[in-house]
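# Descriptive analysis of the structure
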Amino acid sequence: SRGQLYIPLCPGVDGLLPEYAATALEAQRTVMKELLGVAPAPVLVEFFPDVERFVQASGLPREWVETTHTVAIAKWDRMLVLSPMNRAHGYPWLDTLAHEYVHLALSRASAGGAPVWFHEGSAKLLEGRWRGAGPEAKFLSPWSESLLVRALQEDSLVNFEQMHPSMAALPSSKMAALAFAQVACAIDFVFSQVGDAGYRRVVDGLAHGEDAMTAVSKVLGLSSGRFEEHYQEHL
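The model shown is predicted, which means the values in this text are computed figures rather than measured ones. Position numbers for residues start from 1 in each chain and track the written sequence from start to end. A pLDDT threshold of at least 70 governs which residues receive local features in this predicted model, and a stricter bar of 80 or more applies before side-chain atom pairs are shown or counted, although totals over entire chains, interfaces and linings include all residues. Side-chain descriptors were evaluated using all non-hydrogen atoms of the structure, hydrogens and water having been removed beforehand.

## A closer look at the overall build of the protein chain
Under the DSSP-based scheme used, a helix requires at least four consecutive residues in state H or I and a strand at least two consecutive residues in state E, with every element numbered from the N terminus. If you tally the helices and strands in the protein chain, you get nine helices and four strands. The linear arrangement of helices and strands in the protein chain, starting from the amino end, is β-α-β-α-α-β-β-α-α-α-α-α-α. Taking 2.2 N^0.38 as the reference for a compact globule, 235 residues should give roughly 18 Å; the C-alpha atoms of the protein chain span a radius of gyration of 17 Å, in line with that estimate. A principal-axis box enclosing the C-alpha atoms of the protein chain has dimensions of 55 × 40 × 30 Å. Only protein chains enter the accessibility calculation, which uses a 1.4 Å probe; a residue whose area is less than 20% of its type maximum is buried, one above 50% is exposed, and one in between is partly exposed. Counting across all 235 residues of the protein chain, residues that qualify as buried make up 51%. The contact rule is simple, with two residues in contact once any of their heavy atoms fall within 4.5 Å. For the protein chain, contacts bridging at least 24 residues in sequence account for 68% of all contacts bridging at least 6. Only the protein chains shown count as cover for residues, with accessible areas throughout obtained via the Shrake-Rupley method and a probe of 1.4 Å. Within the structure as shown, the protein chain displays about 11000 Å² of accessible surface, and the carbon and sulfur contribution to it stands at 53%. The sign given to each residue is positive for Lys and Arg and negative for Asp and Glu; His and the chain ends receive no count. A single reference atom marks each charge: NZ on Lys, CZ on Arg, CG on Asp, CD on Glu. Of the side chains in the protein chain, 19 bear a positive and 27 a negative charge, and the two mean positions are spaced by 4 Å. Using C-alpha atoms as the atom set, the radius of gyration is obtained and then compared with a globule rule of 2.2 Å times the number of residues to the power 0.38.

## Describing the pairing of strand E4 (residues 78-82)
In terms of burial, E4 is a largely internal element, four of the five residues being buried. In this structure, strand E3 (residues 72-75) lies alongside E4, joined through four bridges in antiparallel fashion. What sits directly across from lysine 75, in E4, is arginine 78. Whether two strands pair comes down to DSSP finding at least two bridges between them.

## Concerning unusual backbone geometry
Note the cis peptide between histidine 164 and proline 165, where omega equals 5 degrees. Along the chain, proline 165 falls in the loop between helix H6 (142-154) and helix H7 (173-207). The backbone of histidine 69 sits at a positive phi, close to 55 degrees, despite the residue not being glycine. If you trace the backbone, histidine 69 turns up in the loop between helix H3 (62-68) and E3. Here alanine 111, not a glycine, exhibits a phi torsion of approximately 55 degrees, which is positive.

## With respect to the packing of helix H4 (residues 93-109) against helix H5 (residues 116-126)
One can describe the packing of H4 onto H5 by two numbers: an axis separation of 8 Å at closest approach and a directional angle of 130 degrees. As summarised for this structure, H4 and H5 are arranged oblique, according to the angle between their axes. For the crossing formed where H4 meets H5, the hand is right-handed. In this structure, H4 uses His99, Val102, His103, Leu106 and Ser107 to contact H5, whose residues at the interface are Phe118, His119, Glu120, Ser122, Ala123, Lys124 and Leu126. By the convention adopted, Pro, Cys, Tyr, Trp, Phe, Met, Ile, Leu, Val and Ala count as nonpolar, Lys, Arg, Asp and Glu as charged, and the other residues, Gly among them, as polar. Residues belonging to the contact of H4 with H5 are distributed by class as follows: five nonpolar, five polar and two charged. Axis lines are fitted to C-alpha atoms, over the contacting stretch for helices. Their N-to-C directions set the angle, which ranges from 0 to 180 degrees. Any angle between 65 and 115 degrees counts as roughly perpendicular, while under 35 counts as roughly parallel, over 145 as roughly antiparallel, and the rest as oblique. Throughout, a crossing is termed right-handed when the near helix is turned clockwise from the far one, and left-handed when it is turned anticlockwise from it by less than a right angle.

## Here we look at the nonpolar core
Grouped together as the largest cluster of nonpolar side chains are 76 residues, with contacts concentrated most on Met79, Trp117, Phe118, Tyr199 and Phe227. Here this core gets 17 residues from one element, more than from any other, and that element is H7. For the purposes of this section, nonpolar cores are sets of buried Ala, Val, Leu, Ile, Met, Phe, Trp, Tyr and Cys residues that join through side-chain atoms within 4.5 Å.

## As for helix H9 (residues 227-234)
By the burial criterion, the buried members of H9 are Phe227, Glu228, His230 and Tyr231. For H9, the arc enclosing every buried residue in end-on projection is 165 degrees, short of the 170-degree limit, so these residues lie on one face. Those residues of H9 that are buried are in contact with H5, H7 and helix H8 (212-220). Note: the arc covers the axis-to-C-beta directions of the helix.

Rendered as structure tokens:
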């Protein structure tokens, strides 16, 4: 592969993963280059056969992994990924790889200035772009939509501050799923208003030291600090 290096840590069926991973990640690199102007390469991708070795390598607390079902992380141009063979029904691991690649590209494009909610919302919304999923594509499952409806009815949305320092640190998988749905909708609101070019301007603002709320509000033409209010109206 031109840009990625893939290492299954155990022999057997995980040896099949690199071939498919390459297709997804090369495609995602192309679309991130078009959107953000940067595309990290090379990227080391390591597949771990079980939770124990994934926890040891990632440094994540085991309770985070088990509570929120975290299956991958990305940092320092490296991805650590739990083998889909470790889940009874697997998981959409190609989109997960693409999701993590968004984190790497966005970290570089924003010079590390993107907060957790912006990172996770961007990664969730853009994880399908490698397979041609455009702005009109459905990015939430029916279950995620139902979580949003219930949270809006009960005024129990997760605020952005609760998402720091990581979605994996949230107290339940249900709360994490709700948070992912919210931030994906928040970034979808940005794209619906200003498109790819506007999103890039927000990222450029982050790279130049602007606070995320200030950068988003400026590009969207909103009063500073009112973005959460507007995206909740969008919900």
